[in-house]
Amino acid sequence: MYSQVKSGSLYGLNSEQVIVEADLSPGLPAFNLVGLPDVSVRESKERIRAAMINSGFPFPSKRITINLAPAGTKKEGTHFDLPIALGVMAANGTVKKSVAASFAFLGELSLEGKLNRINGALPLSIGLRKNGIKKIILPAANAAEVSAVDDILIYPAESLGQIVSFLKGKEEITPYAKQLEQKWRKNPENMDFSDVAGQETVKRAMQIAAAASHNLLLIGPPGAGKTMMAKRMSGILPEMSYEEKLEVTKIYSVAGELTEEQPMILSRPFRAPHHTVSGPALVGGGASPKPGEVSLAHCGVLFLDELPEFSRYVLEMLRQPVEDEKVSISRIRGTVSFPSRFLLLASMNPCPCGYYGDATHECTCTQNQIRSYLSKVSGPLLDRIDMHIEILPVKYSELAGLGLDPDQDGFLAKPKTSDELRREVEQARAIQLERYHNEMIYYNSQLTTGLIKKYCTLDNETKKLLENAFQKLSFSARAHFKIIKLGRTIADMEGEERIRIHHIAEAIQYRSLDKMYRGI
Amino acid sequence: MDKIKKVKLGEKDYPELLNYIANPPAILYYQGDITLASDPLIAVVGARKASPYGKWAAYHLSEKLSEYGVGVVSGMAYGVDSYAHKGAVDNNGRTVAVLGCGVDICYPASNRALKEEILKTGLILSEYEPGIPPLPFRFPMRNRIISGLCIGTVIVEAGLNSGSLITADCAAEQGRNIYAVPGNINNVSSFGANKLIKDGAVPLIVFDDIIDELGIDRSGQKRNQKIELGEDERKIYDYIRKNGEVTTDDVCRNTGRQPSQVNSIVTILEMKGLLQTSLGKIFIAK
């Protein structure tokens, strides 16, 4: 008595089809599972036995052999419970073999016979779809997530009993219909840039960073509003495309970060790992590799608060993901690669105590402490950060929403909302996309030296300013190209084809760390 | 590297003013031109952890002294001391560094480039034999030489427990003039210098004060020529000059300009040498 049903296995973000073969033969009752199952799969035997009996189906007292083909690759995950149970029932004659073979199954069983939510349902379904499978039975809790895949019928089920009735034709399960996305849009804290009083300069810098995904470092004393503004960053990035949403949701599915309330990731991610984060948690890792924070921030913002507090070893690990826009993790089974194209947003104090340069608090650090603090972020990582700006606490009059100093003639500009800022960002992005449509890049921060020569020509007056700035402010060579790239972005925000002198002049102000290092 | 030489108390090249202090060093080790030590000198000292204001003041005070041919003495430490030396070497001035260790040792090590600059026309001096390491107790001792070499000592910026106040005490004991650069009273790093003024030091309201104090005639010198500014530049420059230390946001609000405009104009004024930015604030440089 032999049967086979289809399922899938996951490695990294890729999935392949797995045929679950079941064979019942006479002999002493036994339940053997072969095909390199890991512990989570091997334990499924106990869940399956209890679930079948508690759902009112006989558990065959025969010698049961299950093979997960291809038998040579390791399998993991609790989603094999359901296909194995169906394999046993098909071999046993509880359901028809031909009917069971026309579906793919994914799902974890409870002892009671209910179906539990699984991780990685989206990439598994995408893999099955590639293998020509059109009908999938899976836990109802995963249905919304998988509905993002086109051209596939999803049958959401609540329990093993329901599935058997359905396969016998006694009960109908209606395929899941795609829901309106808007329902899942996540905006829990309702964070908007119009909540931030003052800080117009910092907002401007953040907008430029968003317009071309320039990595940004905010330097300022405690209480200046670094974290508050950083949290609003993902709100001014342009809307994600459908492909981006699918890609991000896949990563979250594998990481087990999707919930029933949020089955799809529709707004750009904002990840803010604490500075005690370990290397594998940041870039991904584990015996069977799972995505880290850099991949969970894919298409969004990775915010590293208090940058110098991160361990140096962890910061060094960021270099490859930032440069290559993906993380490759090699294991004995093969190499997994997770995408990691994010905007790096970091913040730091000007010194360990935080008050260097503050007029009202005394800085208690020694000059050497300040130097070693600054030098912690120097070098290769800093090389990958295009903009650094200083941020100072707002004055009371700004906080109170007056917007002007009482004893001065001032003018009050109403703070722009995130929506307004984002529209300007989107315009600038559109210009860049069109300019680079032949170049395999999306935005200015990806420009290489060769491309800078091609797309960023400067007139003589501007070149002279830049040269002057290098001598006066003693910028490093690395700052040179970054300033030109920033100038390109600022010009794009104004819709200007040529980079003008005032674009470069503004860009120079966004390199404050270069100046800090200059001071003795 | 120049050869290390020594001069004994009572010899011809021994710095003249040092003969008159209470406990002159018996031997001085030096590199560079020892005759400089007998020229009219002014000490410019201050906090290692200097604010942008302190660095600015030290640099431009030295620049002013160099312009009138007065040598600048300092201790080659971080912060004010370094800027005092730089102000002189950048403007063809001559400068003396008095160390608290052997003259062959560069302390702090990061000032190696500065040390070489100083040696081109100036002098490095120490009462310690070559090879003696910098230890905390040597610096207060060293300070009596700094003040002792000079007609006057200027304290640029000092906290309440700053070592520069020791230099001021030495200068007072030696009967030399003490000057101080006043600072904002809401800034902790200016307490020391302001307290000196309260105790009788001469405040330098403008840098020219020290030139007048030294009795040098300023009339022959030409004044700075006016730099041409555009309308927007003039407006922003005037606002910053009126208000001193400001942030870009302040400028935006009070001149009705966008941050993008202000940032680019500030860069241009920085290039013209009129402004200076540091730690998120904008200062007047001239």
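Being a predicted model, the structure only gives us computed values, none of them experimental.

### What to know about helix α8 (residues 200-212) of chain A
All names here are of chain A. Along its 13 residues, α8 runs 19 Å from first to last C-alpha, staying within 8% of the 18 Å computed at 1.5 Å per residue. Along α8, 12 of the 13 residues are buried, which leaves the element largely enclosed by surrounding structure. Of all the positions in α8, only T201, V202, K203, R204, A205, M206, Q207, I208, A209, A210, A211 and A212 are classed as buried. S213 sits one or two positions beyond α8 and adopts a positive phi of about 50°.

### Looking at the packing of aromatic side chains
Following the criterion strictly, the structure yields 11 aromatic pairs over all chains and no others. Ring centres of F103 of chain A and Y155 of chain A lie 5.5 Å apart, and the angle between their planes is 85°; on these two criteria the pair is classed as edge-to-face. Taken together, the positions of F103 of chain A in the loop between α4 (97-101) and β5 (104-105) and Y155 of chain A in strand β9 (residues 153-157) put the pair 52 residues apart, joining distant regions of the chain. The interplanar angle of 25° and the centroid separation of 6.0 Å between the aromatic rings of Y53 of chain B and W56 of chain B together place this pair among those described as stacked. Taken together, the residues span about one helical turn, with Y53 of chain B and W56 of chain B both in helix α1 (residues 52-67) at a distance of 3 residues. Assessed through its relative accessible area of 29%, Y53 of chain B is described here as partly exposed. Three or more aromatic residues joined by ring pairs form one cluster here, namely F103, F105, Y155 and F166 of chain A. Here the basic side chain of K86 of chain B rests over the ring of Y83 of chain B, its NZ or CZ set 6.0 Å away from the ring centre.

### What to know about the interface of chain A and chain B
Listed per partner, the contact involves 44 residues of chain A and 40 residues of chain B. Between chain A and chain B, the buried area comes to about 3400 Å², and carbon and sulfur atoms account for 53% of it. Summed over the shared surface of chain A and chain B, the number is 9 residue pairs in polar contact (both at pLDDT 80 or more). Within the residue set of the side of chain A that touches chain B, elements represented by two or more residues are α8, α15 (367-375), α20 (460-472), α22 (501-508) and α23 (512-518) of chain A. Grouping the constituent residues of the side of chain A that touches chain B by class yields 17 nonpolar, 15 polar and 12 charged.

### Section: the pattern of salt bridges
By the definition in use, this model includes 33 salt bridges over all chains. For E76 of chain A, the salt bridge identified is with K290 of chain A, shortest N-O distance 3.8 Å. Taken together, the positions of E76 of chain A in the loop between β4 (63-69) and α3 (81-92) and K290 of chain A in strand β13 (residues 290-291) put the pair 214 residues apart, joining distant regions of the chain. By relative accessible area, which is 22% here, E76 of chain A ends up partly exposed. The exposure class assigned to K290 of chain A is partly exposed, which follows from its relative accessible area of 37%. Taking the shortest distance from any N to any O, the salt bridge between R144 of chain B and E127 of chain B comes out at 2.9 Å. With R144 of chain B in helix α4 (residues 138-149) and E127 of chain B in the loop between β6 (123-126) and α4, this pair connects stretches of sequence that are 17 residues apart. In this structure, R144 of chain B and E127 of chain B share a single accessibility class: buried.

### With respect to the domain arrangement of chain A
Residues and elements named next belong to chain A. Domain boundaries assigned for chain A yield domain 1 (2-167) and domain 2 (193-518). Measuring from the centre of the C-alpha atoms in domain 1 to the corresponding centre in domain 2 gives 45 Å. Counting from both sides, the interface comprises 19 residues of domain 1 and, opposite them, 22 residues of domain 2. When the area that domain 1 buries against domain 2 is broken down by residue, the three leading residues are Y11, L13 and A148, summing to 36%. At the junction of domain 1 and domain 2, the tally comes to 1 salt bridge.

### Quick word on the sheet that holds strand β18 (residues 387-390) of chain A
Residue and element names in this part refer to chain A. Pairing is parallel in the open sheet, where 5 strands are placed in the order β11-β14-β17-β10-β18. On the outer flanks of this sheet lie β11 (270-271) and β18, each paired with one strand and no other. Pairing of strand β10 (residues 216-219) with strand β17 (residues 343-348), which is carried by 4 bridges, proceeds in the parallel orientation. Within the sheet, the bridge partner assigned to L217 lies in β17 and is A346.

### Points about the nonpolar core
All names here are of chain A. With 68 residues, the main nonpolar core has L217, L304 and L318 as its most contacted residues. Mapped onto the domain boundaries, this core takes at least three residues apiece from domain 1 (2-167) and domain 2 (193-518). Not counting chain neighbours up to four residues away, the residues in contact with L217 comprise L307, A346, S347, M348, L382, I385, M387, H388, I389 and L513. Core analysis: the next-biggest nonpolar cluster, separate from the first, contains 56 residues, A230, I484, A507 and I508 among them.

### Concerning the pairing of strand β3 (residues 30-34) of chain A
All names here are of chain A. Residue alternation in β3 divides its side chains into a buried set, F31 and L33, and an unburied set, A30, N32 and V34. Two elements, β3 and β4, share 5 bridges in a ladder whose sense is parallel. Across the sheet, residue N32 finds its bridge partner in β4, namely T65.

### Comments concerning the packing of α4 of chain B against helix α5 (residues 163-173) of chain B
Residues and elements named next belong to chain B. Following both chains from N to C, one finds α4 and α5 inclined at 50°, their axes separated by 8 Å at the closest point. Overall, the two elements α4 and α5 adopt an arrangement that is oblique. In the crossing of α4 with α5, the sense of the turn from one axis to the other is right-handed. Contacts from P140, N143, R144, I146 and S147 of α4 reach α5 at G163, I166, T167, C170 and A171. For the contact of α4 with α5, the class distribution of residues is 5 nonpolar, 4 polar and 1 charged.

### Overview of unusual backbone geometry
Cis geometry is found at the peptide bond from A69 of chain A to P70 of chain A, where omega equals 0°. Tracing the backbone through its elements, the reader meets P70 of chain A in the loop between β4 and α3. Cis geometry marks the peptide bond from Y107 of chain B to P108 of chain B; its omega dihedral reads -10°. Even without being a glycine, M76 of chain B presents a positive backbone phi close to 55°. Note on placement: M76 of chain B falls in the loop between β4 (71-74) and α2 (80-89). The class for M76 of chain B is buried, based on a relative accessible area of 0%.

How each quantity is defined
Residues numbered from 1 in each chain as written. Chains lettered and ligands numbered in written order. Predicted model: local features only at pLDDT ≥ 70, side-chain atom pairs only at ≥ 80, totals over all residues. Heavy atoms only, no water. Helix = DSSP H or I, 4+ residues; strand = E, 2+ residues; numbered from the N terminus. Expected span 1.5 Å × (residues − 1). Buried < 20%, exposed > 50% of the residue type's maximum accessible area, 1.4 Å probe, protein only. Phe/Tyr/Trp six-rings, centres within 6.5 Å; stacked < 30°, edge-to-face > 60°. Lys NZ or Arg CZ within 6 Å of the ring centre and 35° of its normal. Contact = heavy atoms within 4.5 Å. Buried area = accessible area lost by both parts, 1.4 Å probe. Polar contact = N/O pair within 3.5 Å; in protein donor to acceptor, adjacent residues only side chain to side chain. Nonpolar A, V, L, I, M, F, W, Y, C, P; charged D, E, K, R; others polar. Salt bridge = Lys/Arg side-chain N within 4 Å of Asp/Glu carboxyl O. Domains from an automatic or database assignment. Pairing = 2+ DSSP bridges. Core = buried A, V, L, I, M, F, W, Y, C linked by side-chain atoms within 4.5 Å. Axes fitted to C-alpha atoms, helices over the stretch in contact; angles between N-to-C directions. Parallel < 35°, antiparallel > 145°, perpendicular 65-115°, else oblique. Left-handed = near helix turned anticlockwise from the far one by under 90°.

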